[in-house]
Amino acid sequence: MLRKLYGMLRPRERVRIPILVALAIVMAVIEVAGIGSIAWFATLIADPTVVESNRWLNRAYATLEFSDHRAFLIAVGTVLVGVVVVRNLFGMFCLWYRLRYLHWFRVRLAARLLRGYMARAYSFFLGANSAHLSKNLLVDTNTLINGYLYSWITLVTDGVMSGAIIGFLIWQEPFVTLIALSCFGLI
């Protein structure tokens with residue numbers, strides 16, 4: 001079915017699928033940055049002296065020449081809020097682009113189907129049920145796009161994001177992440 005659906009896409013429509021995947025990869029990077037910044041912020045709140053032991057926080061603290069840990073904590077919190085805002089705005093853009101593409105493809109597919117009907121001979125319409133033809137144009141194209149193509153695109157984009165998050169968590173805490181994944185897998 002996926003091969004048939006891909007065959008329905010024209011070259012101009014196929015070009016947008018890699019763009020959707022690229023947006024998913026960028027979204028995954030932003031998501032991982034947000035998760036990482038939350039972890040650093042939580043660590044910094046729990047123990048402000050971690051600035052001296054963590055090389056990334058220490059480098060930021062020294063480079064930006066903060067006077068005390070409280071000012072640094074406020075700055076890191078502000079950056080965290082900025083990352084969350086950027087993540088949400090970019091997430092909205094990705095969703096808008098995905099839905100726009102799906103709507104655009106739905107319209108193009110229905111228009112192609114209508115052109116195919118209009119090219120038929122009059123004798124075709126004498127034996128055809130007009131309600132069935134209308135259903136093909138309106139309902140079946142929506143079902144194909146919403147029920148199938150949207151599901152596949154969501155599966156790929158969410159899979160990329162989940163893979164990036166799990167990869168980041170394994171990189172940060174491999175033992176804890178693998179135990180958590182095993183427990184969730186069993187449940």
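All of these numbers come straight from a predicted model, not from anything done at the bench.

Trainee: Tell me what's going on with the overall build of the chain, and back it up with residues and numbers.
Mentor: The helix and strand inventory of the chain stands at nine helices and zero strands. Scaling as 2.2 N^0.38, a compact globule of 187 residues should have a C-alpha radius of gyration of about 16 Å, whereas the chain reaches 25 Å, well beyond that. Counting only C-alpha atoms, the chain reaches 85 × 40 × 25 Å along its principal axes. Here the chain holds 187 residues, and 28% of them are scored as buried. In the chain, the share of contacts with a sequence separation of at least 24, taken over all contacts with a separation of at least 6, comes to 70%. Approximately 12300 Å² of the chain is accessible, and the part contributed by carbon and sulfur atoms is 71%. Separation between the mean location of the 18 positive side-chain charges and that of the 9 negative ones in the chain comes to 26 Å.

Trainee: Please provide a residue-by-residue account of unusual backbone geometry, values included.
Mentor: Of note, the phi angle at Glu-65 is positive, near 55°, even though the residue is not glycine. Relative to the assigned elements, Glu-65 resides in the loop between helix 5 (55-63) and helix 6 (69-118).

Trainee: So, helix 8 (residues 130-172): which residues are in play, and what are the values?
Mentor: Under the 1.5 Å per step criterion, the end-to-end length of helix 8 is 60 Å for 43 residues, consistent within 8% with the ideal 63 Å. Capping of helix 8 at its N-terminal end is provided by Asn-129; its side-chain oxygen lies 3.0 Å from the backbone amide nitrogen of Ala-131.

Trainee: Tell me about the packing of aromatic side chains, and name the residues and values.
Mentor: Taken as a whole and judged by the stated rule, the model has twelve aromatic pairs. Ring centres 5.8 Å apart and planes at 35° place the aromatic pair Phe-93 and Trp-96 in the tilted group. With Phe-93 and Trp-96 both in helix 6 and three residues apart, the pair spans about one turn of that helix. For Phe-93, a relative accessible area of 35% puts it in the partly exposed group. By relative accessible area, which is 47% here, Trp-96 ends up partly exposed. Ring geometry for Tyr-148 and Trp-152: centres 6.4 Å apart, planes at 65°, overall edge-to-face.

Trainee: Got a sec to walk through the nonpolar core? Specific residues and values, please.
Mentor: Counting residues in each nonpolar core, the largest one holds 23 residues, and the members touching the most others are Phe-90, Tyr-101, Leu-102, Phe-105, Leu-149 and Ile-153. Elements supplying a minimum of two residues to this core: helix 3 (16-46), helix 6 and helix 8. Looking at which element gives the most residues to this core, the answer is helix 6, with eight residues. Among the nonpolar cores identified, the runner-up in size contains nine residues, and Phe-41, Phe-72, Val-76 and Leu-80 belong to it.

Conventions and cut-offs
Residues numbered from 1 in each chain as written. Predicted model: local features only at pLDDT ≥ 70, side-chain atom pairs only at ≥ 80, totals over all residues. Heavy atoms only, no water. Helix = DSSP H or I, 4+ residues; strand = E, 2+ residues; numbered from the N terminus. Rg over C-alpha atoms; globule rule 2.2 N^0.38 Å. Buried < 20%, exposed > 50% of the residue type's maximum accessible area, 1.4 Å probe, protein only. Contact = heavy atoms within 4.5 Å. Areas by Shrake-Rupley, 256 points an atom, 1.4 Å probe, with all protein chains shown as cover. Lys, Arg positive; Asp, Glu negative; His and termini not counted. Charge placed at Lys NZ, Arg CZ, Asp CG, Glu CD. Expected span 1.5 Å × (residues − 1). Polar contact = N/O pair within 3.5 Å; in protein donor to acceptor, adjacent residues only side chain to side chain. Phe/Tyr/Trp six-rings, centres within 6.5 Å; stacked < 30°, edge-to-face > 60°. Core = buried A, V, L, I, M, F, W, Y, C linked by side-chain atoms within 4.5 Å.

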